[in-house]
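Here is what each chain is made of, one letter per residue.
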Amino acid sequence: MIPYSTQEIDQDDIDAVTDTLKSNWLTQGPKVSQFEKILSKNCESKYCITFNSATSALHAACSSFDLGPGDNVWTSANTFAATANVVLLCGAKIDFLDIDPETLNIDVNILEDKLKNASISGTLPKLLITVHFSGESCDMKSIHDLSLKYGFKILEDASHALGATYNSKPIGSCEFSSMTVFSFHPVKMITTGEGGCVTTNSKIIEEKVRDFGRHGITKEKERFSVIQNLDWYYEQQSLGYNYRMNELSASLGISQLSKLNYFVKTRNDLAENYNKILPKQIIIPKRNNFNTCSYHLYPILLPDKPNLKRDNLFLHLRKLNFGVQVHYIPVYHHPYYRNNGFKDYFLNNAESYFKRCLSLPLFPSLKKGDQKQVSSAIESFLKTY
Ligand SMILES: Cc1ncc(COP(=O)(O)O)c(C=O)c1O
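Residues numbered from 1 in each chain as written. Predicted model: local features only at pLDDT ≥ 70, side-chain atom pairs only at ≥ 80, totals over all residues. Heavy atoms only, no water.

Draft legend 1. Looking closely at the packing of aromatic side chains. For the structure on display, the rule yields 21 aromatic pairs. Ring centres of Phe96 and Tyr345 lie 6.4 Å apart, and the angle between their planes is 70°; this geometry places the pair in the edge-to-face category. Pair noted here: Phe96 is in strand S4 (residues 93-97) and Tyr345 is in the loop between helix H11 (335-338) and helix H12 (348-356), with a separation of 249 residues, a long-range link. Taking the relative accessible area as the measure of exposure, Phe96 reaches 1% and is therefore buried. Taken together, the aromatic side chains of Phe96, Tyr332, Tyr336, Tyr337, Phe342 and Tyr345 make up a single cluster linked through ring pairs. Across the ring face of Trp74, the terminal group of Lys114 is positioned such that the distance to the ring centre comes to 5.0 Å. Sitting above the plane of the Phe354 ring, Arg310 keeps its charged end 5.3 Å from the centroid. (Phe/Tyr/Trp six-rings, centres within 6.5 Å; stacked < 30°, edge-to-face > 60°. Helix = DSSP H or I, 4+ residues; strand = E, 2+ residues; numbered from the N terminus. Buried < 20%, exposed > 50% of the residue type's maximum accessible area, 1.4 Å probe, protein only. Lys NZ or Arg CZ within 6 Å of the ring centre and 35° of its normal.)

Draft legend 2. Region of interest: the packing of helix H10 (residues 310-319) against helix H13 (residues 368-383). Interaxial distance between H10 and H13 falls to 10 Å at its minimum, and their mutual angle equals 135°. The angle between the axes of H10 and H13 places the two elements in the oblique class. Where H10 crosses over H13, the two elements pack in a sense that is right-handed. Touching Asn312, Leu313, His316 and Leu317 of H10 are Val374, Ala377, Ile378, Ser380 and Phe381, all from H13. Looking at the contact of H10 with H13, its residues break down into 6 nonpolar, 3 polar and no charged. (Axes fitted to C-alpha atoms, helices over the stretch in contact; angles between N-to-C directions. Parallel < 35°, antiparallel > 145°, perpendicular 65-115°, else oblique. Left-handed = near helix turned anticlockwise from the far one by under 90°. Contact = heavy atoms within 4.5 Å. Nonpolar A, V, L, I, M, F, W, Y, C, P; charged D, E, K, R; others polar.)

Draft legend 3. Quick peek at the side chain of Ser375. Following the sequence through the fold, Ser375 ends up in helix H13. Taking relative accessible area as the criterion, Ser375 reaches 1% and is therefore assigned buried. In this structure the side chain of Ser375 is engaged in a polar contact, spanning 2.9 Å, whose partner is the backbone oxygen of Ile277. Apart from the residues within four sequence positions on either side, Ser375 is in contact with Ile277, Leu278 and Pro279. (Polar contact = N/O pair within 3.5 Å; in protein donor to acceptor, adjacent residues only side chain to side chain.)

Draft legend 4. Just the site of the ligand, in detail. Taken together, 14 residues surround the ligand, and among them Thr55, Asp157, His160, Ser183 and Lys188 come closest. Here an oxygen atom of the ligand sits 2.8 Å away from a polar atom, N or O, in the side chain of His160. Between an oxygen atom of the ligand and a side-chain N or O atom of Tyr328, the distance comes to 2.9 Å. Isolated, the ligand exposes 390 Å² of accessible area, and the fraction of that covered by the protein chains is 91%. In terms of residue class, the shell around the ligand is made up of 4 nonpolar, 8 polar and 2 charged. (Near = heavy atom within 4 Å. Areas by Shrake-Rupley, 256 points an atom, 1.4 Å probe, with all protein chains shown as cover.)

Draft legend 5. Just the pairing of S4, in detail. Extensive coverage of S4 is indicated by the burial of 4 of its 5 residues. As defined by bridge partners, strand S3 (residues 72-76) adjoins S4 across 5 bridges and the pair is classed as parallel. Residue Trp74 lies in a different strand from S4, and its bridge partner there is Asp95. Chirality of the crossover, the property in question, places the unit of S3, helix H4 (residues 82-89) and S4 among those that are right-handed. (Pairing = 2+ DSSP bridges. Right-handed = clockwise from strand over helix to strand, strands pointing away.)

Draft legend 6. Local environment of helix H2 (residues 30-43). Spanning 14 residues, H2 covers 20 Å between terminal C-alpha atoms, matching the ideal 20 Å at 1.5 Å per step. Along H2, the residues classified as buried are Val32, Phe35, Glu36, Leu39, Ser40 and Cys43. Along the long axis of H2, the arc covered by the buried residues comes to 135°, so they all point the same way. Away from its buried face by more than 90 degrees, H2 exposes Lys37 and Lys41. In this structure, the buried residues of H2 make contact with strand S2 (47-51), strand S8 (169-170), strand S9 (179-183), strand S10 (196-200), helix H7 (203-212) and helix H8 (247-257). Glu44 sits one or two positions beyond H2 and adopts a positive phi of about 55°. (Expected span 1.5 Å × (residues − 1). Arc of directions from axis to C-beta.)

Draft legend 7. The arrangement of the pattern of salt bridges in detail. Tallied over the entire structure, the rule returns 19 salt bridges. Between Lys208 and Asp66 there is a salt bridge whose closest N-O contact spans 3.0 Å. In this pair, Lys208 sits in helix H7 while Asp66 sits in the loop between helix H3 (54-63) and S3, placing the two residues 142 residues apart along the sequence. Overall, the relative accessible area of 35% leaves Lys208 in the partly exposed class. Lys265 serves as the salt-bridge partner of Asp269, at 2.8 Å between the closest nitrogen and oxygen. Highlighted residues: Asp269 and Lys265, both in helix H9 (residues 260-277), separated by 4 residues, approximately one helical turn. Looking at Asp269, the relative accessible area reads 32%, which means it is partly exposed. Judged by relative accessible area, Lys265 falls into the exposed class, the value being 52%. (Salt bridge = Lys/Arg side-chain N within 4 Å of Asp/Glu carboxyl O.)

Honestly, it's all geometry; don't read function into it.
In structure tokens form, the structure reads like this:
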């Protein structure tokens, strides 16, 4: 099976992890600090805090906004459930925004209309989580302008977008947000096995987010409530979890990060090749020329014809051993959400996209010959209609 995405592990990665296995540090140590420093540099952010997944990073990020009952948080309907789940875990209320049918990201006009209505009904969000779907940045400047007008904070879920840029600045620089979260799951842009991080430019946020993933414990002397100079001393100042990244993951991350530019470039070359060779009836999301898309995913849409069924194309390609996948089921469709306030929820563009979408295989070692076969298989499928 050729998967829709997979990790790229080479000898350097194996050597990096093996060296760490032979060292004195397996939990938090020099590799974690080094990985955080390089990530910050790459993203042009002041701070970076690593986590054992993007989900735990999102949980810590949301918690740092002091979300609780009575707070509203909005996000895109077209995302992985974790983006919304962490909001509920913080005790706040989640609501979903429809997507732009061309970019598949939050539609800024729809957002503005919803904000106008929420302003009248007194239900404005405290926080908006933007999702850079497939690695293409949202229109962050316009969203930021709206955040100033309506008084909400912005968190970027950039799980798909390490190595992507917005208006020539790396995603993660937090120019238009309080924080950005990345995922290092094996299918993502780089991997640490499981892992994630938060980038931010605020020292206050950095402390809160770091503490949340480390039992609420600080070892920074200048933050102690009691003057204490003994090396063994530490303080728990809030409640938190053990969400820390370990040294093995961090050493893999450092090695992987050195290949990020290559990964992004290769994914872009392969995406361009798909754009050229796919049958003309296939609809491809719009990409902004001023941005670099990281192409975590290569989603396509079937034309909107009643007899043309995405699931038939899915089965056709799976039979030929192409591991195509659907990204995403609109989050409000999941039984958990249907049973918790979203029973008759329906967003037009998210629904239209969901019923016609399919992610084709895309990862750096994918061969152009495989892409040709995928394209020919789609062509032969379309001929039967
Ligand atoms: C948009 C988005 N957010 C969050 C996550 C959660 O990432 P992780 O698996 O690292 O917890 C994912 C993972 O697929 C994702 O795609």
